[in-house]
Amino acid sequence: MPVFTTVFSGYSVEFSPFEETRLAVSTAQHFGIVGNGRQYVLDVNTDEGVIGTVHTFDSNDGLYDCAWSEENENHLVSVSGDGSVKIWDLEALENPLKSYAEHQNEAYSVDWNLVGKDTFVTGSWDETVRVWSLEQDKSLRAYEEHTYCVYSTIWSPCDANVFASASGDCSVKIWDVNELHSVQTLKAHDYEILTCDWNKYNDNILV
């Protein structure tokens, strides 16, 4: 089994939706408590049993999550401990391609819209959820109903307008981009909720 060792602690890993052997890995120095970050793009060669580095992108703070664009194989988004949201372009000479700075605390989660393909969503420890488009220089909308850190955000696999967020306030909220407020709040647990996911075969089921 191929093994690759990162310099910093790994936080997130994502397969490319375009190339079956390509991986993105977000990492943070000193376990993400303090220090720099590095975004890896790797290629897995199972025949030779090796994982090679295609690109590395460095940041001034830890990187906690990443997601591939669903419409451009060379675009990748990372979220950082300084609250920034960074777009990397694998073919560009200068990176990041864009860096958004609207979150006020650690940006901890990001997910690309699987259906609409032109938007992505982020969650932050500033208790907000934001929806973005690469066509705009600022977020399309900010949602501010959570009362503690947002740890996870994920688009519905079936609906381009619907996504979910999980928070330390013990709730999971369902959102529709056409609505100003969440459309459903699930008081799912008695303690912090760190992650959530949609059932890809039944969009009425969330875990």
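Residues numbered from 1 in each chain as written. Predicted model: local features only at pLDDT ≥ 70, side-chain atom pairs only at ≥ 80, totals over all residues. Heavy atoms only, no water.

**Notes on unusual backbone geometry**
Between Asn-95 and the following residue, Pro-96, the backbone shows a cis peptide bond with an omega angle of 5 degrees. Looking at where Pro-96 falls in the secondary structure, it is placed in the loop between β7 (85–89) and β8 (98–100). Although it is not a glycine, Phe-31 adopts a positive phi angle of roughly 60 degrees. Mapped onto the secondary structure, Phe-31 falls in the loop between β2 (22–28) and β3 (37–45). Phi is positive for Cys-170, which is not a glycine, with a value near 75 degrees. Tracing the backbone shows Cys-170 in the loop between β14 (162–167) and β15 (171–176). (Helix = DSSP H or I, 4+ residues; strand = E, 2+ residues; numbered from the N terminus.)

**Some remarks on the nonpolar core**
Among the nonpolar cores identified, the biggest contains 12 residues, and these are Ala-67, Val-77, Val-79, Val-85, Ile-87, Tyr-100, Ala-107, Val-110, Trp-112, Phe-120, Trp-132 and Leu-134. For this core, the secondary structure elements donating two or more residues are β6 (75–80), β7 and β9 (107–112). Looking at this core element by element, the count peaks at three residues for β9. (Core = buried A, V, L, I, M, F, W, Y, C linked by side-chain atoms within 4.5 Å. Buried < 20%, exposed > 50% of the residue type's maximum accessible area, 1.4 Å probe, protein only.)

**As for the side chain of Ser-152**
By secondary structure assignment, the location of Ser-152 is in strand β13 (residues 150–155). On the accessibility criterion, Ser-152 (8% relative accessible area) is buried. For Ser-152, the side chain forms a polar contact with the main-chain nitrogen of Cys-196, separated by 3.4 Å. Ignoring anything within four residues of it in the chain, the contact list for Ser-152 reads Ser-109, Ala-164, Ser-165, Ala-166, Leu-194, Thr-195 and Cys-196. (Polar contact = N/O pair within 3.5 Å; in protein donor to acceptor, adjacent residues only side chain to side chain. Contact = heavy atoms within 4.5 Å.)

**Description of the pattern of salt bridges**
In this structure the tally under the stated criterion is six salt bridges. Between Arg-130 and Glu-102 there is a salt bridge, with the nearest N and O atoms lying 2.8 Å from each other. Of this pair, Arg-130 sits in strand β11 (residues 129–133) while Glu-102 sits in the loop between β8 and β9, and the two are 28 residues apart along the sequence. On the basis of relative accessibility, which here comes to 12%, the residue Arg-130 falls in the buried class. Among the ionic pairs, Lys-173 bridges to Glu-145, the shortest N-O distance being 3.5 Å. Taken together, the positions of Lys-173 in strand β15 and Glu-145 in the loop between β12 (141–143) and β13 put the pair 28 residues apart, joining distant regions of the chain. Classification of Lys-173 as buried rests on a relative accessible area of 8%. Judged by its relative accessible area of 27%, Glu-145 falls in the partly exposed class. (Salt bridge = Lys/Arg side-chain N within 4 Å of Asp/Glu carboxyl O.)

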